[in-house]
Amino acid sequence: MRRAAISVGMNIMEGAMRLGTKEYRQFVGIARGSANEVCYQLLLAKDLQYISEETYRDLRRDYDRVIQMLSRLSQTLNR
């Protein structure tokens, strides 16, 4: 879960340092995939009772927001 969470920011930064918008957009897509991976891992952690329902809801809400922001960033890069 840590690796996937760290991957979100790392891919955004790596993409931002690329020369073209197309490459940047590709890395934003990878970051979105990592964020969705964290969402699944949170669900699994909740189902296995490693985290409470309340913790799951709070973290899931935060990651849903991150995914939404990445989607909007990707859309702006398509223009």
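This text follows the structure it describes.
Residues numbered from 1 in each chain as written. Predicted model: local features only at pLDDT ≥ 70, side-chain atom pairs only at ≥ 80, totals over all residues. Heavy atoms only, no water.

(A) Broad picture of the overall build of the chain. When helices and strands are counted, the chain shows three helices and zero strands. Each helix (α) and strand (β) of the chain, taken in turn from the N terminus, gives the series α-α-α. Viewed in the frame of its principal axes, the chain has a C-alpha envelope of about 45 × 20 × 10 Å. The buried share of the chain, reckoned over its 79 residues, is 29%. A fraction of 63% describes how many contacts in the chain between residues 6 or more apart in sequence connect residues 24 or more apart. Counting only carbon and sulfur atoms, one obtains 53% of the accessible surface of the chain, whose full area is about 5600 Å². With 13 positive and 9 negative side-chain charges, the chain shows a separation of 8 Å between the mean positions of the two kinds. (Helix = DSSP H or I, 4+ residues; strand = E, 2+ residues; numbered from the N terminus. Buried < 20%, exposed > 50% of the residue type's maximum accessible area, 1.4 Å probe, protein only. Contact = heavy atoms within 4.5 Å. Areas by Shrake-Rupley, 256 points an atom, 1.4 Å probe, with all protein chains shown as cover. Lys, Arg positive; Asp, Glu negative; His and termini not counted. Charge placed at Lys NZ, Arg CZ, Asp CG, Glu CD.)

(B) Up close: the pattern of salt bridges. Under the definition given, this model contains seven salt bridges. Here K46 ties to D47 by a salt bridge, and the two come within 3.3 Å at their closest N and O atoms. By relative accessible area, which is 19% here, K46 ends up buried. For E53, the salt bridge is made with K46, and the minimal N-O distance between the two is 3.8 Å. By sharing partners, the salt bridges in this structure join K46, D47, E53 and R57 into a single network. (Salt bridge = Lys/Arg side-chain N within 4 Å of Asp/Glu carboxyl O.)

(C) Structural view of the side chain of N11. For N11, the location among the structural elements is in helix α1 (residues 2-16). At 2.8 Å, the side chain of N11 and the side chain of S7 are in polar contact. Ignoring anything within four residues of it in the chain, the contact list for N11 reads F27, I30, A31 and S34. (Polar contact = N/O pair within 3.5 Å; in protein donor to acceptor, adjacent residues only side chain to side chain.)

(D) Structural detail: the nonpolar core. One finds V8, V28, A35, V38, L42, Y63 and L70 to be the most contacted residues of the largest nonpolar core, which totals 14 residues. When residues of this core are traced back to their parent elements, those giving at least two are α1, α2 (21-47) and α3 (53-77). Among residues more than four places away in sequence, those in contact with A35 are V8, Y63, V66, I67 and L70. (Core = buried A, V, L, I, M, F, W, Y, C linked by side-chain atoms within 4.5 Å.)

(E) Highlighting the packing of α1 against α2. At their nearest, the axes of α1 and α2 sit 8 Å apart, and the two run at 170° to each other. Regarding the angle of α1 to α2, the classification is roughly antiparallel. Within the contact between the two elements, α1 uses A4, A5, S7, V8, N11, I12, E14, G15 and A16 and α2 uses Y24, F27, I30, A31, S34, A35, E37, V38 and Q41. When its residues are assigned to classes, the contact of α1 with α2 shows eleven nonpolar, five polar and two charged. (Axes fitted to C-alpha atoms, helices over the stretch in contact; angles between N-to-C directions. Parallel < 35°, antiparallel > 145°, perpendicular 65-115°, else oblique. Nonpolar A, V, L, I, M, F, W, Y, C, P; charged D, E, K, R; others polar.)

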